[in-house]
Protein chains: 2
Amino acid sequence: MPAHPLPTKIGVVIFPGFQLLDWAGPLDAFNILSNNHTLSLCTIAYTLDPVPTQNFMQDKQGSQFSQSMVPTHTFENAPDDLEVLLLPGGLGARGPGSDAWMKPQVEYLKRLDLSGKGSIKWVLTVCTGSEILARTGLLDGRRATTNKRAFNDVKTQHPNVDWVAKARWVVDGNIWTSSGISAGMDLAFAWMAEVFGEETAQFVADRSEYERNVDSGNDRYAERWGAV
Amino acid sequence: MPAHPLPTKIGVVIFPGFQLLDWAGPLDAFNILSNNHTLSLCTIAYTLDPVPTQNFMQDKQGSQFSQSMVPTHTFENAPDDLEVLLLPGGLGARGPGSDAWMKPQVEYLKRLDLSGKGSIKWVLTVCTGSEILARTGLLDGRRATTNKRAFNDVKTQHPNVDWVAKARWVVDGNIWTSSGISAGMDLAFAWMAEVFGEETAQFVADRSEYERNVDSGNDRYAERWGAV
């Protein structure tokens with residue numbers, strides 16, 4: 001069983017235009033886990049202002065369809081003893097002007113020791129969260145996956161990463177990356193099985209009435225979205 | 001195709017201790033839909049203060065693992081032209097003292113015309129959201145389902161509802177109710193297929209890389225949690 005003591009301190013980084021389910025899928029699995037394991041969550045953002053999900057495609061369509069989350073910490077005062085870091089993706093990291101407004105997030109990630117040798121033992125990314133992580137250079141030479149509709153763009157932007165097209169999720173050492181949006185739930189349960197044990201992971205999935213995809217290679221979306 | 005004009009105005013009611021994925025699962029499907037269909041969202045609560053997910057089981061375990069969402073409207077100033085109403089459930093509706101603090105939510109629901117003949121054409125509930133709706137009396141004599149671990153308790157509390165134990169979701173007229181937590185995503189896609197068409201629903205699911213359960217009777221959690 002666990003090579004490390006069971007982690008208790010989880011952090012998640014959010015930014016305007018993050019994808020709701022990238023964030024909420026894994027977090028709700030951890031919510032249920034936290035009923036029986038003592039866990040704490042820090043929600044980290046640029047400022048303490050609520051962070052909206054609204055994105056440029058909704059703007060273009062004329063949709064005002066946003067959910068706003070309240071951070072608990074900023075990049076300046078986030079605790080330095082987090083053990084797990086979760087990175088959702090989303091269109092906010094990809095739209096016009098996004099390089100500028102993603103800079104604080106990327107700078108924060110660069111300041112952290114994400115090697116697995118510091119306090120943070122695991123980094124979990126969902127969807128294009130891996131693209132944000134790739135901006136730090138940490139994924140260079142490592143295996144990772146991402147959203148399959150964005151796959152070819154992400155691959156072009158970060159050619160030194162060993163991007164795996166057909167994968168629901170990929171584990172490379174302490175870095176766990178998932179495919180698009182819903183795949184984050186399968187990643188969360190796979191990670192929970194690895195760290196807290198399979199019995200706990202399946203109990204939580206059953207509580208959530210969630211049908212896990214337990215085969216990391218089972219990914220029909222790679223074909224669906226032209227990543228292979 | 002649609003018997004009604006396509007809806008554009010969606011409202012969701014939240015309360016302290018709501019289950020994150022009950023809310024985020026359907027809403028993220030609608031987020032993606034709103035990239036190509038013009039939609040607006042109102043997030044409605046007792047006050048405009050952020051609404052936390054923290055629940056009594058986490059309190060008991062010593063977990064501080066909460067996510068806080070910002071409402072856009074209160075029960076007093078919510079718009080009266082909503083076309084779809086979404087009700088998540090969660091432990092906040094079930095813990096000690098919950099009857100008192102759920103009263104404003106139930107009173108708000110009682111004031112609305114949820115018959116399908118007013119502005120609101122559809123009511124969608126996830127998990128124990130159906131139990132909250134049952135408190136209004138609206139489900140009496142109607143078919144509905146709910147979270148399978150809570151099923152027997154909910155059935156005892158509301159004996160005049162025709163509770164369906166083995167169902168991923170149930171449709172009775174304009175009222176769509178789902179089983180526990182993750183089942184809300186299948187309900188959302190089933191509703192989207194009915195209202196916006198199957199092609200749109202599957203496109204959104206593919207964008208989310210979500211494997212839909214399209215059989216409303218396929219529900220192994222009824223056995224798993226002793227509802228049958």
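Identification of chain A as DJ-1/PfpI domain-containing protein from Alternaria tenuissima is taken from an unreviewed UniProt entry.

Moving on to the relation of the copies chain B and chain A. Its rotation angle being 180°, the transformation that places chain B on chain A also includes 0.0 Å of axial translation and leaves an RMSD of 0.0 Å. On this basis, the relationship between the two copies can be described by a two-fold rotation axis. Nearest to the rotation axis, the C-alpha of methionine 69 of chain B is located 2.3 Å from it, this being the minimum over chain B. A high fraction, 100%, of the interface residues of chain B reappear at the interface in chain A, so the copies pair face to face through one surface.

So, on to the packing of aromatic side chains. One pass over the structure, following the stated rule, counts 14 aromatic pairs over all chains. Aromatic pair phenylalanine 18 of chain A and tryptophan 23 of chain A: ring centres 5.7 Å apart, planes at 65°, arrangement edge-to-face. Seen in terms of ring centroids, phenylalanine 30 of chain B and tryptophan 191 of chain B are 5.6 Å apart; in terms of plane orientation they differ by 70°. Their pairing is edge-to-face. Taken as a pair, phenylalanine 30 of chain B in helix H1 (residues 20-33) and tryptophan 191 of chain B in helix H7 (residues 183-196) lie far apart in primary sequence, 161 residues in all. When sorted by exposure, phenylalanine 30 of chain B lands in the same class as tryptophan 191 of chain B, which is buried. A cation over an aromatic ring shows up here: arginine 149 of chain A above the ring of tryptophan 225 of chain A, its NZ or CZ 4.8 Å from the ring centre.

Adjacent strands of a sheet form backbone hydrogen bonds with each other and so pair up, either parallel or antiparallel. All names here are of chain B. Strand order in the open sheet formed by 7 strands is S5-S2-S1-S6-S7-S11-S10, with mixed pairing between adjacent strands. What marks the edges here is a single partner per strand, and that holds for strand S5 (73-74) and strand S10 (169-172). Lying over the sheet, H7 contacts strand S6 (84-87), strand S7 (122-125), S10 and strand S11 (175-178), oriented at roughly 150° with respect to S11.

Another point: the interface of chain B and chain A. On the chain A side, the residues contacting the 58 residues of chain B number 58 residues. At the boundary of chain B with chain A, total buried surface from both sides reaches about 4,900 Å², with 49% on carbon and sulfur atoms. For arginine 220 of chain B, the salt bridge is made with glutamate 211 of chain A, and the minimal N-O distance between the two is 3.1 Å. Applying the counting rule to chain B against chain A returns 47 residue pairs in polar contact (both at pLDDT 80 or more). Of all the secondary-structure elements, those providing two or more residues to the side of chain B that touches chain A are H1, strand S2 (40-45), helix H2 (56-61), strand S4 (68-69), H7, helix H8 (198-207) and helix H9 (221-224) of chain B. Of the residues that constitute the side of chain B that touches chain A, the class distribution is 23 nonpolar, 24 polar and 11 charged.

Here we take up the confidence of the model for chain A. Per-residue pLDDT for chain A averages 97, and the proportion of residues at 70 or more is 98%. Here the predicted complex scores 0.97 on pTM and 0.97 on ipTM.

The subject of this paragraph is the side chain of lysine 148 of chain B. On the secondary structure map, lysine 148 of chain B appears in the loop between strand S8 (143-144) and helix H6 (151-157). Side-chain polar atoms of lysine 148 of chain B contact the side chain of serine 179 of chain B, separated by 3.1 Å. Once you skip the residues sitting within four places of it in the chain, lysine 148 of chain B turns out to touch Glu209 of chain A together with Val164, Ala165, Ala167, Ser179, Asp219, Tyr221, Ala222, Trp225 and Ala227 of chain B.

We now examine the environment of leucine 27 of chain A. Mapped onto the fold, leucine 27 of chain A is located in helix H1 (residues 20-33). Between the C-alpha atom of leucine 27 of chain A and that of methionine 185 of chain A, which follows or precedes it by 158 residues, the distance is 8.7 Å. Residues contacting leucine 27 of chain A, with those up to four places away along its chain left out, are Val12, Leu41 and Leu86 of chain A together with Leu20, Phe65 and Gln67 of chain B.

Our focus in this paragraph is the pattern of salt bridges. Counted according to the given criterion, the structure contains 24 salt bridges over all chains. Residues arginine 212 of chain A and glutamate 198 of chain A are paired through a salt bridge, measuring 2.9 Å at the closest nitrogen-oxygen approach. In this pair, arginine 212 of chain A sits in the loop between helix H7 (198-207) and helix H8 (221-224) while glutamate 198 of chain A sits in helix H7, placing the two residues 14 residues apart along the sequence. Here arginine 212 of chain A falls in the buried class, since its relative accessible area comes to 16%. Its relative accessible area of 43% is what places glutamate 198 of chain A among the partly exposed residues. Here glutamate 223 of chain B and lysine 166 of chain B are joined by a salt bridge, their closest N and O atoms 3.1 Å apart. In this pair, glutamate 223 of chain B sits in helix H9 while lysine 166 of chain B sits in the loop between strand S9 (162-163) and S10, placing the two residues 57 residues apart along the sequence. Given a relative accessible area of 44%, glutamate 223 of chain B falls into the partly exposed group.

Residues and elements named next belong to chain A. The residue glycine 141 is located in the loop between helix H4 (129-134) and strand S8 (143-144) in this model. With a relative accessible area of 67%, glycine 141 lands in the exposed category. Considered as a pair, glycine 141 and proline 159 are 18 residues apart in the sequence and their alpha carbons are 9.5 Å apart. Those residues in contact with glycine 141 that lie beyond four places of it in its chain are Asn160 and Val161.

Next up on the list: the sheet that holds strand S2 (residues 40-45) of chain A. All names here are of chain A. In space, the 7 strands of this open sheet follow the order S5-S2-S1-S6-S7-S11-S10, with mixed pairing throughout. The sheet is open, and its two borders are formed by strand S5 (73-74) and strand S10 (169-172), each paired with just one other strand. By the bridge criterion, 5 bridges tie strand S1 (residues 9-13) to S2 in an arrangement that is parallel. Considered in S2, the bridge of valine 13 is made with isoleucine 44.

All names here are of chain B. The N-to-C vectors of H1 and H7 enclose an angle of 35°; their axes lie 8 Å apart at closest approach. Here H1 runs over H7; the crossing is right-handed. Two secondary-structure elements touch here, H1 through Leu21, Gly25, Pro26, Ala29, Phe30 and Leu33 and H7 through Gly184, Met185, Ala188, Phe189, Trp191, Met192 and Phe196. Across the contact of H1 with H7, the residue classes tally to 11 nonpolar, 2 polar and no charged.

Looking now at the side chain of histidine 73 of chain B. All names here are of chain B. Within the secondary structure layout, histidine 73 lies in strand S5. Within the local environment of histidine 73, its side chain forms a polar contact with the side chain of threonine 72, the two groups lying 2.8 Å apart. In this structure, histidine 73 is in contact with Cys42, Thr43, Ile44, Ala45, Leu48, Ala78 and Pro79, ignoring residues within four places of it in sequence.

Each value, and the rule that gives it
Residues numbered from 1 in each chain as written. Chains lettered and ligands numbered in written order. Predicted model: local features only at pLDDT ≥ 70, side-chain atom pairs only at ≥ 80, totals over all residues. Heavy atoms only, no water. Least-squares fit on C-alpha atoms with pLDDT ≥ 70 in both. Contact = heavy atoms within 4.5 Å. Phe/Tyr/Trp six-rings, centres within 6.5 Å; stacked < 30°, edge-to-face > 60°. Helix = DSSP H or I, 4+ residues; strand = E, 2+ residues; numbered from the N terminus. Buried < 20%, exposed > 50% of the residue type's maximum accessible area, 1.4 Å probe, protein only. Lys NZ or Arg CZ within 6 Å of the ring centre and 35° of its normal. Pairing = 2+ DSSP bridges. Axes fitted to C-alpha atoms, helices over the stretch in contact; angles between N-to-C directions. Buried area = accessible area lost by both parts, 1.4 Å probe. Salt bridge = Lys/Arg side-chain N within 4 Å of Asp/Glu carboxyl O. Polar contact = N/O pair within 3.5 Å; in protein donor to acceptor, adjacent residues only side chain to side chain. Nonpolar A, V, L, I, M, F, W, Y, C, P; charged D, E, K, R; others polar. pLDDT = per-residue confidence, 0-100. Left-handed = near helix turned anticlockwise from the far one by under 90°.

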